[in-house]
Amino acid sequence: MGLFWKRKGKDQFVTLGLNEPKTEVPLARETQEVTAPSEAAAVSAPIAGAESKTQETPSSVLADQPRKDSAAGQQRLAPPVPSPAKANPVRSSFATSVLGLNLSIEELQAQEAALEREFSARFRRAVAATRESLSEKLDTVFQGRKQIDDELLDELEEALIGTDIGVTTTLEILDSVRRGIARKSINDLDALKQAIKDELLKILRASEAQGIASETNIPENVSPYVMMIVGVNGVGKTTTIGKLAQRIKAEGNDVLICAADTFRAAASDQLAIWAERTGVPLIQQKQGTDPAAVLFDSLRAAKARGSDVLIVDTAGRLHTKSNLMSELEKMKRVAAREVESAPHETLLVLDAVTGQNGLEQARQFLKVAGVTGIVLTKLDGTAKGGIAVAIAKELNLPIRYVGIGEQVDDLVVFDPEQYVNGLFG
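None of these values were measured; they are calculated from a predicted model.

Turning our eyes to something else, we now look at the packing of helix H11 (residues 357–369) against helix H12 (residues 387–395). Orientation of H11 relative to H12, taken along the N-to-C sense of each, is 30°, at an axis distance of 11 Å. Note that H11 runs across H12; the crossing there is right-handed. Facing Leu 359, Ala 362, Arg 363 and Leu 366 of H11, the residues of H12 in contact are Ile 387, Ala 390, Ile 391, Glu 394 and Leu 395. Split into classes, the residues belonging to the contact of H11 with H12 amount to seven nonpolar, no polar and two charged.

Next up, the structure:
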């Protein structure tokens, strides 16, 4: 498991300066005159036998000045007050952008292993309902069986379709399994399960070849990085934007949110709540304003303040609303004029609970919105989590992020291997 957001500027990395020219550092003298901490607040001590007036100074200044020893007639400094030790900041388990240069290799490896175990456990909990459903069906299929036959494969087909993997994807998986049986490479139930896992992982990996599978695909000199979020109302679009902003900001990036959904009255209010909660600036205008105008102002503001990422909310629209779709096209043209190759990602938010019903909407969005990736929300709330495979296969787009809970940290980068392992326990 790596960083949530991997796109960093040069100034956000620690450099050891190994390739930089050496600079001469003057050596400190072994003996130096004792001076007061602040020259501006320094008070000259009176010289014995000399006629001079003593200046009045505040007690806070006198505490830091040399004090006259009446017995010895010499000057001494007050012992320095030790500064209180700074408490180590409490970091969440996802604050992995800290290099940890003060840790040994063994400590770093142990820390990384702990993060991997936690992430794996959370992913397993998210797909627990799907895993239990699939495992129950597979146990029923394999119960009392000692060999693989056509009847077993037919029941296995029904079990896979029941998890919303989809008919087309299921048939392709079983065709591959049958070829393996014919080649004698699959000859027991354990090998059959492994073959299914391999096929699922193959499908998910293949989808990463299209769209934008990582923010690092965009050159680092292009700024701000513009993410446009699209989808119908009710799929968790606003929540996704808030969580994205929080997770990206937590790793040291300057983030700005654009409230370009001026069609729905409550949209800006909901975003304002998330913006306040996450401490991310929000650009918004009154209801009914041209969304492209709001986006234009946001792009100008992002460039003026040197923001790293601009997240753009759009009106929740159905694929049948041609006027809203044409509005989206206008916004993309405005973005491209202001920032090179913007928007750099157009993420379609889908609700995992809707399953196959959301695929038709997604297909229509692909035609007009230029979707580059998928955000799958509420994966922890369905027993049909196999929809992730169907999306990757039928839409041929990478799943960028998944929602696995209600907390801010519960929006995570999708990991195909963790997902497949979570499905099969």
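We are not done yet, so read on.
Quick look at the sheet that holds strand E4 (residues 255–259) now. Here eight strands make up an open sheet; going across it, the order is E5-E4-E6-E3-E7-E8-E9-E10 and the pairing mixed. Each end of this open sheet is capped by a strand with a single partner; those strands are strand E5 (282–283) and strand E10 (411–413). Relative to E10, strand E9 (residues 399–403) is paired through three bridges, and the arrangement is antiparallel. Looking at E10, one finds that Val 402 is bridged to Val 412. The strands touched by H12 within the sheet are strand E7 (345–351), strand E8 (373–377) and E9, with E8 carrying the most contacts at an inclination of about 165°.

Its 18 residues give helix H6 (residues 189–206) an end-to-end C-alpha distance of 26 Å, which sits within 8% of 26 Å, the value for a rise of 1.5 Å per residue. Considered for burial, the residues of H6 that qualify are Leu 189, Leu 192, Ala 195, Ile 196, Lys 197, Glu 199, Leu 200, Ile 203 and Leu 204. Between the side-chain oxygen at the start of H6 and the backbone nitrogen of Asp 190 there is a gap of 3.3 Å, and the oxygen is on Asp 188.

A separate point is the pattern of salt bridges. Per the stated rule, a full pass over the model turns up twelve salt bridges. Salt-bridge contacts for Lys 393 lead to Glu 172; the nearest nitrogen and oxygen are separated by 2.7 Å. Of this pair, Lys 393 sits in helix H12 while Glu 172 sits in helix H5 (residues 167–182), and the two are 221 residues apart along the sequence. Owing to a relative accessible area of 30%, Lys 393 belongs among the partly exposed residues under this scheme. Of the residues examined, Glu 172 reaches a relative accessible area of 31% and is grouped as partly exposed. Across the salt bridge formed by Glu 338 and Lys 303, the nearest N and O atoms sit 3.1 Å from each other. Here Glu 338, found in helix H10 (residues 322–338), pairs with Lys 303, found in helix H9 (residues 291–305); they are 35 residues apart in sequence, far enough to count as distant.

For the coordinates displayed, the defined rule picks out one cavity of 30 Å³ or more. By volume, the largest cavity amounts to about 40 Å³. Looking at the largest cavity, the residues that line it are Leu 350, Asp 351, Thr 354, Gly 355, Gly 358, Leu 359, Leu 376, Ile 387 and Ile 391. Elements that contribute at least two residues to the lining of the largest cavity include exactly E7, H11 and H12. Tallied by class, residues from the lining of the largest cavity come to five nonpolar, three polar and one charged.

The element E9 is largely enclosed, with a buried count of five among its five residues. Relative to E9, E8 is paired through three bridges, and the arrangement is parallel. For Leu 376, the partnering residue across the bridge sits in E9 and is Val 402.

In this section: the environment of Val 226. Examined against the element boundaries, Val 226 turns out to sit in strand E3 (residues 225–230). Here the alpha-carbon distance between Val 226 and Val 312, two residues 86 residues apart in the chain, equals 7.4 Å. Other than its neighbours up to four places away in sequence, Val 226 contacts Leu 299, Leu 310, Val 312, Ala 342, Pro 343, His 344 and Glu 345.

Scoring rules and cut-offs
Residues numbered from 1 in each chain as written. Predicted model: local features only at pLDDT ≥ 70, side-chain atom pairs only at ≥ 80, totals over all residues. Heavy atoms only, no water. Axes fitted to C-alpha atoms, helices over the stretch in contact; angles between N-to-C directions. Helix = DSSP H or I, 4+ residues; strand = E, 2+ residues; numbered from the N terminus. Left-handed = near helix turned anticlockwise from the far one by under 90°. Contact = heavy atoms within 4.5 Å. Nonpolar A, V, L, I, M, F, W, Y, C, P; charged D, E, K, R; others polar. Pairing = 2+ DSSP bridges. Expected span 1.5 Å × (residues − 1). Buried < 20%, exposed > 50% of the residue type's maximum accessible area, 1.4 Å probe, protein only. Polar contact = N/O pair within 3.5 Å; in protein donor to acceptor, adjacent residues only side chain to side chain. Salt bridge = Lys/Arg side-chain N within 4 Å of Asp/Glu carboxyl O. 1 Å grid on protein atoms, 1.4 Å probe; cavity = no way out; pocket = protein on both sides within 12 Å on 5 of 7 lines; lining within 4 Å. Points joined across faces, edges and corners; volume = space filled by probe spheres on them.

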